[in-house]
Number of protein chains: 2
Amino acid sequence: MKFDDLLETKKTLINNALNYYLPPAEQYPQDIHRAMRYSVFAGGKRLRPLLVLLATELFTADWKNALSVACSLELIHTYSLIHDDLPAMDNDDYRRGQLTAHKVFGEALAILAGDALLTLAFEILAAEKQDKNGSHSFYHLKASPAIKLKIIWEIANSAGVRGMVGGQAVDLDSEGKTVDLDTLQYIDTHKTGKLLTASVRAGALLGGATPDELARLTAYARLLGRGFQIVDDLLDVEGDPEKMGKTGGQDAQRGKANYVSYFGRAAAKNKRDQLYAQAIAELSSFGDKNLSLQKITRRAFYRNY
Amino acid sequence: MKFDDLLETKKTLINNALNYYLPPAEQYPQDIHRAMRYSVFAGGKRLRPLLVLLATELFTADWKNALSVACSLELIHTYSLIHDDLPAMDNDDYRRGQLTAHKVFGEALAILAGDALLTLAFEILAAEKQDKNGSHSFYHLKASPAIKLKIIWEIANSAGVRGMVGGQAVDLDSEGKTVDLDTLQYIDTHKTGKLLTASVRAGALLGGATPDELARLTAYARLLGRGFQIVDDLLDVEGDPEKMGKTGGQDAQRGKANYVSYFGRAAAKNKRDQLYAQAIAELSSFGDKNLSLQKITRRAFYRNY
């Protein structure tokens, strides 16, 4: 199968699973269910869930068993975008070319939809059985309770104040200030890097990675996270607004420092290329099995949207 | 020991445990850590964590083992208050006589502090070891991974869109509208009742309750939840603003229906007394061991703040 088809197959399964986990739009109370679904299905790249599935696939053919873990990370990513877009935060009206949740549903419901998505992520990870008649569901995670707890901890730790939320707090505090490189790196390591790393690690934990394999994949994921942020910063100045679904130059407008404003465009691209090479090198010890991760890494580093 | 002293002892341990779980205020990034701590230590009654400890104590003398579960429920309760108080939601400047989080730290940080508290609740429940040197910490939950997962699911399900957040969404939607009794009951069952019920159930699960015992405690907790809400509504019209740390009549001002506006004061008090008697009856099968729960139930139903 071509890599594009392979990714599309996985994305379809991810979307079907998300649809399964989210409460039906027609079920009472409809408004919040609609708000949750609106943002989840607003056209994300599904990078985090794909990383979960591909990391699991390094170790086992049964990557479909990782769908609940994959979806929990997408739910958390989506909640973080909804809250980031709020007027009190980044005050964004559009994301991926669509109105943001608070523009469609109002601020109160957007806050609650974010809260609900974050909570749902942990509910599906801890669920014993997903279907009502008690038989084992395709969408239920088959893993020992001990591994499930490890995955829940990994994700909670990476999403919380020691991870993504902490990075977001520093990011907010940095607007309009001259920040040093340490601060810039703290922000991207936490705000972007932690959840990407948790995605790779959760997939690897589920697949049964050894401590050494887990360490190499963690190093890989951190390089990917840093690279991903530099590419974001590059796209902010030279991306095609049509492809990205948002206007560029937003960081400059907000007085936000980023890698491009700090190093300049050429040096930022150099740094990206270095990080890419290092990330690929970390994957190499996994032999041919790493090809899918290698390809998605190339796309993340050299994307144009 | 007198019941007051017994409760104070437990509250002190709860506060010490919360202090242990929350990131230090002097640790980077300080602002969000301070915002999290500010709201957690703003003088709550600690009803939910006390219910966890007392429910565990019905079954085992080692109620201290339930401290992490107790704290996770208080963290979730606190996050819900921070988000409820936001300008886009109830727009409250004061709670318990103190400025609300967004008045002190700004809206953005208040949103993030709520997100962080919610996430931390699941992190501490899933944590394998709480202290760095790897030895077993007093604050670490000793329970089988399977029981921990049950507790995490119970709490996530009760806090999320099928529980507290769903109730809050309907509550928001009901402002300024004439709501029927079904809607009023949906709101209190979900917004208030679910987390109280999860507190009792989580404690009972940890203590090793049989399915039958769990069912009786669930019935008890639901009666407590309904009663708790009616008392809230009564206090809104006849409470002492000084003792409550907020002005009364807020529901009427917001055009919010409640049990008092629906039934009238006298009938609401009758209903409260009935619910109290039923709740106490559900506890009776636990014999003398239920005395602490009985006493805290009496206080919850006949409190003046």
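Note that the coordinates shown come from a computational prediction; the quantities given were computed from them, not determined experimentally.

(A) Structural context of the overall build of chain A. Helix and strand counts for chain A stand at 15 helices and 2 strands. Dimensions of chain A along its principal axes, counting C-alpha atoms only, are 55 × 50 × 35 Å. For chain A, with 305 residues in total, the buried portion stands at 51%. When contacts within chain A are restricted to residue pairs at least 6 apart in sequence, those whose partners lie at least 24 apart make up 70%.

(B) Structural detail: unusual backbone geometry. All names here are of chain A. At the junction of tyrosine 28 and proline 29, the peptide bond is cis and its omega measures out at -10° in the coordinates. With respect to the helices and strands, the residue proline 29 is situated in the loop between helix H1 (3–21) and helix H2 (30–40). Located in the positive-phi region is arginine 46, a residue other than glycine, with phi close to 60°. Of note, arginine 46 is situated in the loop between H2 and helix H3 (47–57). Even without glycine at this site, arginine 96 takes up a positive phi of about 50°. Secondary-structure assignment places arginine 96 in the loop between strand S1 (94–95) and strand S2 (98–99).

(C) Inspection of helix H9 (residues 181–207) of chain A at higher detail. All names here are of chain A. At glycine 193, H9 shows its largest kink, close to 50°. For H9, the tally of buried residues reaches 21 of 27 residues, placing the bulk of the element in the interior. Once H9 ends, the next one or two residues include glycine 208, with phi positive near 90°.

(D) Focus on the packing of H1(A) against helix H4 (residues 67–85) of chain A. Residues and elements named next belong to chain A. Between H1 and H4, whose axes approach to 10 Å, the crossing angle comes to 75°. Judged on the interaxial angle alone, H4 and H1 are roughly perpendicular. Where H1 approaches H4, its residues Leu13, Ile14, Ala17, Leu18 and Tyr21 are matched on the opposing element by Leu67, Ala70, Cys71 and Glu74. Class assignment of the residues belonging to the contact of H1 with H4 gives a composition of 8 nonpolar, no polar and 1 charged.

(E) Representation of the relation of the copies chain B and chain A. Rotating chain B by 180° about the axis while translating it 0.0 Å along that axis superimposes it on chain A, leaving an RMSD of 0.0 Å. Overall, the copies show the geometry of a two-fold rotation axis. Among all residues of chain B, the minimum C-alpha distance to the rotation axis is found for Pro145(B), at 2.6 Å. The overlap is high: 100% of the interface residues of chain B also sit at the interface in chain A, so the same surface is used on both sides.

(F) A look at the nonpolar core. Counting 191 residues, the largest nonpolar core has Val69(A), Ala113(A), Ile152(A), Val69(B), Ala113(B) and Ile152(B) as its most contacted members. Apart from the residues within four sequence positions on either side, Ile152(A) is in contact with Phe122(A), Leu125(A), Ala126(A), Phe122(B), Ala126(B) and Ile152(B).

(G) Up close: the interface of chain B and chain A. With 42 residues of chain B at the interface, the matching set in chain A holds 42 residues. Mapped onto the side of chain B that touches chain A, the elements with two or more residues apiece are helix H2 (30–40), helix H6 (107–126), helix H7 (145–159) and helix H8 (164–174) of chain B. Considering every element that reaches the side of chain B that touches chain A, the biggest residue donor is H6(B), with 13 residues.

(H) Just the environment of Ala202(B), in detail. All names here are of chain B. Checked against the element boundaries, alanine 202 lands in helix H9 (residues 181–207). The buried category is assigned to alanine 202, around which 28 C-beta atoms lie within 10 Å. Once the C-alpha coordinates of alanine 202 and leucine 214 are considered, the two residues, 12 residues apart in sequence, prove to be 9.6 Å apart. The contacts of alanine 202, once residues within four sequence positions are left out, are Val52, Val69, Ile151, Glu154 and Ile155.

(I) Local environment of helix H15 (residues 291–301) of chain B. Residues and elements named next belong to chain B. Within the span of H15, buried status applies to Leu293, Ile296, Thr297, Ala300 and Phe301. Seen from one end, H15 has its buried residues packed into an arc of 135°, which puts them on one side. Check the buried side of H15 and you find it contacts helix H3 (47–57), helix H10 (211–238) and helix H14 (265–284).

(J) Looking closely at the environment of Ala108(B). Counting through the fold element by element, Ala108(B) comes out in helix H6. For the pair formed by Ala108(B) and Leu86(B), sequence separation is 22 residues and the distance between their alpha carbons is 9.9 Å. Apart from the residues within four sequence positions on either side, Ala108(B) is in contact with Ala88(A), Met89(A) and Leu172(A).

(K) Up close: the environment of Val231(B). All names here are of chain B. Examined against the element boundaries, valine 231 turns out to sit in helix H10. Between the C-alpha atoms of valine 231 and threonine 78, which are 153 residues apart in sequence, the distance is 20 Å. In this structure, valine 231 is in contact with Arg272, Phe301 and Arg303, ignoring residues within four places of it in sequence.

(L) Fine view of the packing of H3(B) against H15(B). All names here are of chain B. Here H3 crosses H15 at 155°, and the two axes come no closer than 9 Å. In terms of axis orientation, H3 runs roughly antiparallel to H15. Crossing handedness for the pair H3 and H15: left-handed. Facing H3, whose interface residues are Leu47, Leu50, Leu54 and Glu57, H15 presents Ser292, Leu293, Ile296 and Ala300.

Quick notes on the rules
Residues numbered from 1 in each chain as written. Chains lettered and ligands numbered in written order. Predicted model: local features only at pLDDT ≥ 70, side-chain atom pairs only at ≥ 80, totals over all residues. Helix = DSSP H or I, 4+ residues; strand = E, 2+ residues; numbered from the N terminus. Buried ≥ 20, exposed ≤ 12 C-beta atoms within 10 Å, placed from the backbone. Contact = placed C-beta atoms within 7 Å. Bend = angle between axes of the 7 residues up to and from the residue. Axes fitted to C-alpha atoms, helices over the stretch in contact; angles between N-to-C directions. Parallel < 35°, antiparallel > 145°, perpendicular 65-115°, else oblique. Nonpolar A, V, L, I, M, F, W, Y, C, P; charged D, E, K, R; others polar. Least-squares fit on C-alpha atoms with pLDDT ≥ 70 in both. Core = buried A, V, L, I, M, F, W, Y, C linked by C-beta atoms within 7 Å. Arc of directions from axis to C-beta. Left-handed = near helix turned anticlockwise from the far one by under 90°.

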